[in-house]
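Here is what each chain is made of, one letter per residue.
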Amino acid sequence: MTLFEDLKWRGLIKDIAGEESELQRILDGNPFYFYWGTDPTASSLHIGHYPSLCLAKRLADAGHHPVLLCGGATGRIGDPRPTAEREIISEEKVRENISGIRSQIKRLVPTAELVDNHDWMKDYTFLNFLRDIGKYINVNYMLDKDIIRRRLETGITFAEFSYMLLQGYDFLHLYQEKNCIMQVAGSDQWGNITTGVDLIRKVLDKTAYAFTMPLILDQNGKKFGKSEGNALWLEKSLTSPYAIYQHFINSDDSKVLEYLKVFTFLSKEQIDDVFARQQAAPETRAAQKTLAWEVVKDLHGKDEADNAVNVSEKLFKGDFQGLSVSDIMTGLKGVPNFAYNDELPLVDVLVNNGMASSKREAREFIKNNAVSINGAVVNDESKIITKDMALEGKVLIFRRGKKKYFIGLV
């Protein structure tokens, strides 16, 4: 497939500035410069940014030139959110966040040219910006943008309202300085993108191109983002590779094909083969395993992906040898837990913490070798369970039967 055909098949083209045939001509034509941008609202990008980074890498792999912008200027303002104004972050924090994000982008899209809009905005006076840029954009045009209309009832500050002018100017500046003729982003940026396209047309009498990709949602219809409370950070020290693996291996069957197309660089033939195996034997979860491994491999390398598989398989078998408490807790996220600071017989521990409904039932579980602690079967009902048995001095992992886990927090 051509680049355009591949992007269409993956569902990565939603809104288009201009005609689809013209976008196809540009994408499948000679190399060009394009840009994608993000504001430094945190020291790390998260998995919600990853589809856009994958998109930038797809265009780069096809021979085009990525310019990835980290908004040192726009990040000091914050783009309008649907519900409330963003908290202003300090300039020191902005610089710190930019440093972290730039290192991630360079690692994930190594051919990218990295730019910061603070470089061209820091000396641009307010009066000159209004004269040069503000006069080209009608207020009615701005009010008609979806994100602005949604905020009018609750109120929007002038700083937020002006954000689209700043982002629009970024496109104009990059068009002039780097011949950057295209912008790509998530569909929530469409209003800001078209402002840039309009500025380029009005100021330069030139045609710019743009398209957005749909926002990627989980099975509950929520975005992958920190504002939704489900952030998976691309920085390994904030979110472990195993945690990312676990997230994707637990993808809902209804979403896994979409995620394979968006989050991996597997070809159509490879994805069709994986999905066919999944449909033939759903219990193998071949699609989820492939998805999770591919994402971790791209983000953190093959060794980390292989290690995530190893940890996952060990936890499934109840084998905790060689695993860190961090990996164990990630793998068992959501299982019942309780504080344990006692020295009690096993039978009492099971009853007191909801692992058995009665001492009789607890003894039956123990007698049938159905109770293990930290991966080892315990069949002595009078065995005293102490804090000293905790892994890394932190947790006791109880398993009842094959799948029922409980965590004692020391």
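The structure this text deals with has already been given above.
**What to know about unusual backbone geometry**
- Unusually for a residue other than glycine, N179 sits at a positive phi of about 55 degrees.
- Mapped onto the elements, N179 comes out in the loop between α10 (163-178) and β4 (180-186).
- Accessibility expressed as a relative area gives 48% for N179, which makes it partly exposed.
- With a phi angle near 50 degrees, R285 is a residue other than glycine that sits in the positive phi range.
- With respect to the helices and strands, R285 occurs in the loop between α14 (268-280) and α15 (286-300).
- Take R285: its relative accessible area is 28%, and that puts it in the partly exposed class.

**Here we look at the sheet that holds strand β5 (residues 209-213)**
- Pairing in this open sheet of 5 strands is parallel, and the strands run β3-β2-β1-β4-β5 from one edge to the other. Whereas interior strands pair on both sides, the edge strands pair on one side only; in this sheet they are β3 (113-115) and β5. Looking at each pair of strands side by side, their axes are set apart by 25 degrees on average, direction ignored.
- The pairing of β4 with β5 spans 5 bridges and is parallel. The partner of A185 across the bridge, within β5, is T212.
- With respect to the sheet, helix α2 (residues 20-27) is in contact with β4 and β5, its orientation differing from that of β5 by roughly 95 degrees.

The rules we used
Residues numbered from 1 in each chain as written. Predicted model: local features only at pLDDT ≥ 70, side-chain atom pairs only at ≥ 80, totals over all residues. Heavy atoms only, no water. Helix = DSSP H or I, 4+ residues; strand = E, 2+ residues; numbered from the N terminus. Buried < 20%, exposed > 50% of the residue type's maximum accessible area, 1.4 Å probe, protein only. Pairing = 2+ DSSP bridges. Axes fitted to C-alpha atoms, helices over the stretch in contact; angles between N-to-C directions. Contact = heavy atoms within 4.5 Å.

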